[in-house]
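# Residue-level structure breakdown
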Amino acid sequence: MATGLLGGIGALTGATLGYTAGTNCVTCNNVWQSWNQQTYTIGTGTTIATTNTVWYAWNDEYAQYATQQQVRAQLGQVIEYQPSLSVEEIREAQRQLEASQRAAQEQRETAEAKARELLLDHLSPAQRANFEAHRLFIVEGKKANYQLGYNAAPRRIDRATGKHTHTYCIHCSGVPKDDELLAFKLLLEADEELFLKTANATRIAA
Amino acid sequence: MGTMHTLDTSGDTKIMWDADKQDEVDAARSMFNHLRNKHYLAFKAEGKEGRQGSQIDRFDPDLERIIMVPRMVGG
């Protein structure tokens, strides 16, 4: 329990926190130590019913640690606590985390805008209009037409009936969605066979 | 002036060259070959009206635009 809670704080602050029973306690400052001592005393007394499982488990771990401390003290070993993070340090860590998240978001948005521009540059006026209205467009292959879009895998369209006959599972990973659509379009137009050979096809039930 | 767009996480990375400047052509060709060795597909494209492009295997400095696409895989 203690590890999970401290791990959560660690994830929030970006600091390396942790407490492994039997080895070391790198986060317990004097406040926590005092708290644990108090609750542990209650937990082992007759009022154990007043502690819940969480605190009991935590205190249980602390009890192991406290026992080891006693042994170490007898052996002359000194365990030093690392200072805990101050409120200001935690706030600063939160500010840094939020700033890095904002920067990543801005980077994603810039990449998506570039990919959108490049895709639109390679669409015909009709494809562009369709894409802007419905986020999909049709590519004419040698064998069939294909629908490429945001909300579904590429689909084959039977030219005679206009019905979708197959879906294709294919990926161009590591690029924004619009780049992926451009990659599919280029490959379908230039080498339809390679597209069909690469993708996993699923027939759509009539 | 030719342009090579390499699709990547940033959207795309552009390399431009002047066909009359050998050092620029050499740099673009070198990048083209490097990406081809990494199994990128190369397509030539012309204009901005969605005209059908075609796949190319060799760098041609006279091309207007080249799109380098990372390897695609079936899901």
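The structure presented is a predicted model; accordingly, all values stated were derived computationally and were not measured.

On to the confidence of the model for chain A, then. All names here are of chain A. Across chain A, the average pLDDT comes to 78, with 67% of residues at 70 or higher. Overall, residues 1-31 carries pLDDT values under 50, and its contacts beyond four positions in sequence, including any with other chains, amount to 47 contacts. Overall, residues 46-53 carries pLDDT values under 50, and its contacts beyond four positions in sequence, including any with other chains, amount to 7 contacts.

Residue and element names in this part refer to chain B. Chain-level statistics for chain B give a pLDDT mean of 93 and a share of 100% at 70 or above. Predicted confidence in chain B is weakest over strand 4 (residues 54-56), with a mean pLDDT of 93, and strongest over helix 1 (residues 22-37), with 97. Scoring of the predicted complex yields 0.69 for pTM and 0.95 for ipTM.

Okay, the sheet that holds strand 3 (residues 41-45) of chain B next. Residue and element names in this part refer to chain B. The 5 strands are arranged 2-1-5-3-4 in an open sheet whose pairing can be described as mixed. The open sheet has two edge strands with one neighbour each: strand 2 (11-17) and strand 4. The average angle at which neighbouring strand axes cross in this sheet is 30 degrees, direction not considered. As paired elements, strand 3 and strand 5 (residues 65-69) share 5 bridges and run antiparallel to each other. Bridged to L41 within strand 5 is V69. In the packing of helix 1 onto the sheet, the strands contacted are strand 1 (2-8), strand 2, strand 3 and strand 5, and the crossing angle to strand 2 comes to about 140 degrees.

Moving on, we come to the packing of helix 4 (residues 87-121) of chain A against helix 6 (residues 177-190) of chain A. All names here are of chain A. In contact at an axis separation of 7 Å, helix 4 and helix 6 are set at 30 degrees when each is read in the N-to-C sense. Judged on the interaxial angle alone, helix 6 and helix 4 are roughly parallel. When the axes of helix 4 and helix 6 are compared, the crossing they make is left-handed. Residue-level contacts link E112, A115, R116, L118 and L119 of helix 4 to D178, D179, L181 and L182 of helix 6. Among the residues making up the contact of helix 4 with helix 6, the classes are represented as 5 nonpolar, no polar and 4 charged.

On to the pairing of strand 3 (residues 136-140) of chain A. Consecutive side chains of a regular strand alternate in pointing toward one face of the sheet and then the other. All names here are of chain A. Side-chain alternation along strand 3 places F137 and V139 on a buried face and L136, I138 and E140 on a face that remains uncovered. Across 5 bridges, the pairing between strand 3 and strand 4 (residues 145-149) is antiparallel. Residue pairing across strands places F137 opposite L148, the latter belonging to strand 4. Counting the residues between successive antiparallel strands, the hairpin from strand 3 to strand 4 contains 4 residues.

What follows concerns the nonpolar core. Of all hydrophobic cores here, the largest spans 38 residues; its most connected members are A183 and L187 of chain A together with V69 of chain B. It is helix 6 of chain A that contributes the most residues to this core, 7 residues altogether. For A183 of chain A, the contacting residues outside a window of four places in its chain are C172 of chain A together with L7, V69 and M72 of chain B.

Many authors give the size of an interface as the accessible area that is lost as the parts come together. Contact with chain A, which involves 28 residues of that partner, is made by 24 residues of chain B. Listing elements by their share of the side of chain A that touches chain B, those giving two or more residues are helix 4, helix 5 (125-134), strand 6 (164-171) and helix 6 of chain A. Split into classes, the residues belonging to the side of chain A that touches chain B amount to 15 nonpolar, 8 polar and 5 charged. With 2 bridges connecting them, strand 6 of chain A and strand 6 (residues 73-74) of chain B associate as antiparallel partners.

The phi angle at R135 of chain A is positive, at roughly 60 degrees, despite the residue not being glycine. With respect to the secondary-structure elements, R135 of chain A resides in the loop between helix 5 and strand 3. One non-glycine residue, H39 of chain B, lies in positive phi territory at about 70 degrees. Taking the number of C-beta atoms within 10 Å as the measure of exposure, H39 of chain B has 9 and is therefore exposed.

How each quantity is defined
- Along each chain, numbering runs from 1 in the same order as the chain's sequence is written.
- All chains are assigned letters beginning with A, and all ligands numbers beginning with 1, in the order in which they are written.
- Predicted model: local features are reported for residues with pLDDT of at least 70 only, side-chain atom pairs are reported and counted for 80 or more only, and whole-chain, interface and lining totals are derived from all residues.
- pLDDT is a per-residue confidence score from the predictor, ranging from 0 to 100.
- Two residues qualify as being in contact provided that their C-beta atoms, derived from the backbone, are within 7 Å of each other.
- A run of H or I in DSSP counts as a helix once it spans at least four residues, and a run of E counts as a strand once it spans at least two, with each numbered from the N terminus.
- Any two strands with at least two DSSP-identified bridges between them are counted as paired.
- Axis lines are fitted through C-alpha atoms, for helices just across the contact stretch, and the angle between N-to-C directions can take any value from 0 to 180 degrees.
- For classification purposes, angles smaller than 35 degrees are called roughly parallel, those larger than 145 roughly antiparallel, those between 65 and 115 roughly perpendicular, and all remaining angles oblique.
- Crossing handedness follows the turn of the near helix against the far one: under a right angle anticlockwise gives a left-handed crossing, and clockwise gives a right-handed one.
- Ten residues, namely Ala, Val, Leu, Ile, Met, Phe, Trp, Tyr, Cys and Pro, are considered nonpolar, four, namely Asp, Glu, Lys and Arg, are considered charged, and the remaining ones, Gly among them, are considered polar.
- Three exposure classes are used. Buried residues have 20 or more other C-beta atoms within 10 Å of their own C-beta, exposed residues have 12 or fewer, and partly exposed residues fall in between, all C-beta atoms being placed from the backbone.
- The nonpolar core criterion groups buried Ala, Val, Leu, Ile, Met, Phe, Trp, Tyr and Cys residues into a set whenever they are joined through C-beta atoms within 7 Å.

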